[in-house]
Amino acid sequence: MHIERLVQMANDIGNYFSSEPDRTAGIEGIVAHIERFWEPRMRKQVLAHFDAGGEGLSEISRAAIALLAGKQSVA
């Protein structure tokens, strides 16, 4: 999948969860959604994009991908 589409999808998910009053819960909601619904290769692509600077990711999506990256390095 094209990284531009993955970034758009991550940002769409981020927009949805940005209405969560608890920012941490919103970020965790994004991570849970990506873990639950994205294929492993999609997660791998967005993590690589994040590692390369994460161009185009919104602030909340960037925070969620950072959390996801941390979880992946532990697993």
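Before reading further, recall that the structure is shown in the block above.
Residues numbered from 1 in each chain as written. Predicted model: local features only at pLDDT ≥ 70, side-chain atom pairs only at ≥ 80, totals over all residues. Heavy atoms only, no water.

**Describing helix α3 (residues 40-51)**
Moving on, step 1. An ideal rise of 1.5 Å per residue puts 16 Å on twelve residues; α3 measures up with 16 Å between its terminal C-alpha atoms.
Moving on, step 2. Looking only at α3, the buried set comprises Met42, Arg43, Val46, Leu47, His49 and Phe50. For α3, the angular spread of the buried residues around the axis is 160°, confining them to a single face. Looking at α3, the residues exposed on the side facing more than 90 degrees away from the buried face are Pro40, Arg41, Lys44 and Asp51. (Helix = DSSP H or I, 4+ residues; strand = E, 2+ residues; numbered from the N terminus. Expected span 1.5 Å × (residues − 1). Buried < 20%, exposed > 50% of the residue type's maximum accessible area, 1.4 Å probe, protein only. Arc of directions from axis to C-beta.)

**Focus: the pattern of salt bridges**
Moving on, step 1. Taken as a whole and judged by the stated rule, the model has three salt bridges.
Moving on, step 2. A salt bridge links Glu35 to Lys71; the nearest nitrogen and oxygen atoms lie 3.1 Å apart. Here Glu35, found in helix α2 (residues 23-37), pairs with Lys71, found in helix α4 (residues 59-74); they are 36 residues apart in sequence, far enough to count as distant.
Moving on, step 3. Looking at Lys71, the relative accessible area reads 38%, which means it is partly exposed.
Moving on, step 4. The residue Glu39 makes a salt bridge to Arg41 at a minimum N-O spacing of 2.7 Å.
Moving on, step 5. Residue Glu39 is classed as partly exposed on the basis of its relative accessible area of 37%. (Salt bridge = Lys/Arg side-chain N within 4 Å of Asp/Glu carboxyl O.)

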